[in-house]
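Fold and geometry: a report
Here's the letter readout for the chains.
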Amino acid sequence: MTTSAKRLVRNHPDELLCGLVSISDRASSGVYADEGIPSLKAWLDGALRTPVRYVERLIADDAPAISATLAELCDELGCDLILTTGGTGPARRDVTPEATLAVASKEMPGFGEQMRQISLRFVPTAILSRQVAVIRERGTSAADGAALIINLPGQPKAIRETLEGLREADGKLVVPGIFAAVPYCIQLIEGPYVETHETVCKAFRPKTAIRPAP
């Protein structure tokens, strides 16, 4: 695989390169301020112990543009994780899942299933959400790396709930959020070793995949 001149270079071996994509016709045209990317960054900044670098994109609900953006973040910049927000409903202009699947090497259906299970605790219309998650390979060998791409809801509250999970009033976790599985998934696709603050989100790894303490 040819390395892109745009490829990001990690400042630390475990630095997470994270693409954040907010997809909205109105926000991208300046009708209102985007809330998706600030919400994603706020949650990630509180959850991650690992150093992280963000690449942000605010684009319209256009399938070719979404697919091209995801491919750029993965193939050219080398992002390990790409989170999108918006465009996952049933409306005609909601095309984020189709655009994501179009650039996928393989689908990861468990993420979407869990997000809908979490959201159904709040609203019955969660069954209308069509979020998907996929792996996109950068080349033909494991050494080329890959990116995990996850579609998230558009509302800030729903973003936090699906990433972190549901808690009781005393803070006890009732339903795990999807991010608990993200660090190990990134590890399995030859990405960095991502660690989290357990008080926000306890990452799960099998014992054989846990890095020994220094």
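The rules we used
Residues numbered from 1 in each chain as written. Predicted model: local features only at pLDDT ≥ 70, side-chain atom pairs only at ≥ 80, totals over all residues. Heavy atoms only, no water. 1 Å grid on protein atoms, 1.4 Å probe; cavity = no way out; pocket = protein on both sides within 12 Å on 5 of 7 lines; lining within 4 Å. Points joined across faces, edges and corners; volume = space filled by probe spheres on them. Nonpolar A, V, L, I, M, F, W, Y, C, P; charged D, E, K, R; others polar. Helix = DSSP H or I, 4+ residues; strand = E, 2+ residues; numbered from the N terminus. Polar contact = N/O pair within 3.5 Å; in protein donor to acceptor, adjacent residues only side chain to side chain. Contact = heavy atoms within 4.5 Å. Pairing = 2+ DSSP bridges. Buried < 20%, exposed > 50% of the residue type's maximum accessible area, 1.4 Å probe, protein only. Salt bridge = Lys/Arg side-chain N within 4 Å of Asp/Glu carboxyl O. Core = buried A, V, L, I, M, F, W, Y, C linked by side-chain atoms within 4.5 Å.

Description of the layout of surface pockets
Space inside the largest pocket adds up to approximately 670 Å³. Gly86, Gly87, Pro153, Gly154 and Gln155 are, among the 31 residues lining the largest pocket, the residues nearest its centre. Taken as a whole, the second largest pocket encloses approximately 330 Å³ of empty space. Classifying every residue of the lining of the second largest pocket gives eight nonpolar, one polar and six charged.

Things to note about the side chain of arginine 136
Residue placement: arginine 136 occurs in strand β5 (residues 133–137). A distance of 2.9 Å separates a polar atom in the side chain of arginine 136 from the backbone oxygen of valine 103. With sequence-adjacent residues up to four places away left out, arginine 136 is seen in contact with Ala71, Cys74, Asp75, Val103, Ser105, Ala146, Ala147 and Ile149.

Some points on the pairing of strand β8 (residues 173–176)
Inspection of the sheet shows strand β7 (residues 165–167) paired to β8 by three bridges, in the antiparallel sense. Counterpart to leucine 166 in the pairing with β8 is valine 175.

Things to note about the environment of glutamine 131
Mapped onto the elements of the fold, glutamine 131 is located in the loop between α5 (109–119) and β5. Overall, the relative accessible area of 4% leaves glutamine 131 in the buried class. Note: C-alpha distance between glutamine 131 and threonine 85 (46 residues apart in sequence) is 9.3 Å.

Some words on the pattern of salt bridges
Enumeration according to the criterion identifies 13 salt bridges in this entry. Close ionic contact of aspartate 14 with arginine 211 constitutes a salt bridge, the shortest N to O distance being 2.8 Å. Highlighted residues: aspartate 14 in the segment before β1 (16–23) and arginine 211 in the segment after α7 (182–188), separated in sequence by 197 residues. The class for aspartate 14 is buried, based on a relative accessible area of 13%. Take arginine 211: its relative accessible area is 41%, and that puts it in the partly exposed class.

What about the nonpolar core?
If you look at the biggest cluster of nonpolar residues, it comprises 32 residues, and the most contacted ones within it are Leu44, Leu81, Leu148, Ile150, Leu152 and Phe179. Every element with two or more residues in this core is listed here: β1, α2 (36–47), β3 (81–85), α5, β5, β6 (146–152), α6 (156–164) and α7. If you tally residues by element for this core, the top one is α2, at five residues. Setting aside anything within four residues of it in sequence, one finds phenylalanine 179 in contact with Trp43, Leu44, Leu48, Leu81, Leu163, Thr196 and Cys201. Of all hydrophobic cores here, the second largest spans 17 residues; its members include Ile66, Leu73, Ile82 and Val103.

Keep in mind these numbers describe shape, not what the thing actually does.
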